[in-house]
Amino acid sequence: MGSLINVTKAQKIKLSLTSLMSLLSIVLFASDPSPTKLICVFAMISSSLGDIALMDLKLITKHIKNDLLAVGMFFFGIAHILYIVLYIIKSAHADASINIGTCISVGISLLTVALLIVISIKRKSLPFWIVIFGIFYILILSINLCTVSTLAFSLGGSTYVTLIGALAFFISDIIIALSRLLALAGCEIPIWSFYVTGQILLIFGA
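Residues numbered from 1 in each chain as written. Predicted model: local features only at pLDDT ≥ 70, side-chain atom pairs only at ≥ 80, totals over all residues. Heavy atoms only, no water.

J.: Honestly, the packing of helix α2 (residues 9-31) against helix α3 (residues 35-54) in this entry has me stumped. Any pointers?
T.: Two packed helices can be described by the angle between their axes and the distance between those axes. The contact between α2 and α3 brings their axes to 8 Å, and the two run at 170°. The pairing of α2 with α3 is recorded here as roughly antiparallel in orientation. Counting all contacts with α2, which are made through L15, T18, M21, S22, S25, I26, L28 and F29, the residues of α3 involved are K37, L38, C40, V41, M44, I45, S48, D51 and I52. Looking at side-chain class alone, the contact of α2 with α3 contains eleven nonpolar, four polar and two charged residues. (Axes fitted to C-alpha atoms, helices over the stretch in contact; angles between N-to-C directions. Helix = DSSP H or I, 4+ residues; strand = E, 2+ residues; numbered from the N terminus. Parallel < 35°, antiparallel > 145°, perpendicular 65-115°, else oblique. Contact = heavy atoms within 4.5 Å. Nonpolar A, V, L, I, M, F, W, Y, C, P; charged D, E, K, R; others polar.)

As structure tokens, then:
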């Protein structure tokens, strides 16, 4: 009981938000079952596990021996891979092909990775293996952005809203990376604002 009392207000809000988003994905799947919506359920549940690791909820994470940032990236990496599969399926059904949206997202991704590598080399604020793991994670995140961008610029319409979701998720994770590399404070609100927006739009896009 003491562990529950020690959970901070911010952690309760984050836990509630991530739980509600997982529930939303389940409700949408139950109301209109489809393979992509089922994949989305697993992606969101994996994201929630990543959230729990990153929010350092002692009641749960006290049993985790590894670096919680790496654990969070692992679960979010799985989530992004699932989202990639989901939106590849949707792109295949829509006969989407490489387009200007793909090129723009590739450019954004390459610039972001280059920027983070430069900052990592100069700051040396994180262990080398975390930096390598992080770069690999950002590459997965970038592929997700490229996949959704390709679909959006092929179909147009409401898929642009889904692209906004993928971009918001991308921005959220980049803010996390910068906050860790540069030891920035006060990033929680923008991180979670972009993150929740991104997840909800990706869930509805499934």
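J.: Is there a simple way to explain the packing of aromatic side chains in this structure?
T.: Aromatic ring pairs are defined here through the distance separating the ring centres and the angle between the ring planes. One pass over the structure, following the stated rule, counts six aromatic pairs. Ring geometry for F76 against Y195: centres 5.8 Å apart, planes inclined by 85°, an arrangement best described as edge-to-face. With F76 in helix α5 (residues 68-93) and Y195 in helix α9 (residues 188-205), this pair connects stretches of sequence that are 119 residues apart. Overall, the relative accessible area of 4% leaves F76 in the buried class. Judged by its relative accessible area of 3%, Y195 falls in the buried class. Three or more aromatic residues link up through ring pairs in this structure, and these residues are F76, F169, W192 and Y195. (Phe/Tyr/Trp six-rings, centres within 6.5 Å; stacked < 30°, edge-to-face > 60°. Buried < 20%, exposed > 50% of the residue type's maximum accessible area, 1.4 Å probe, protein only.)

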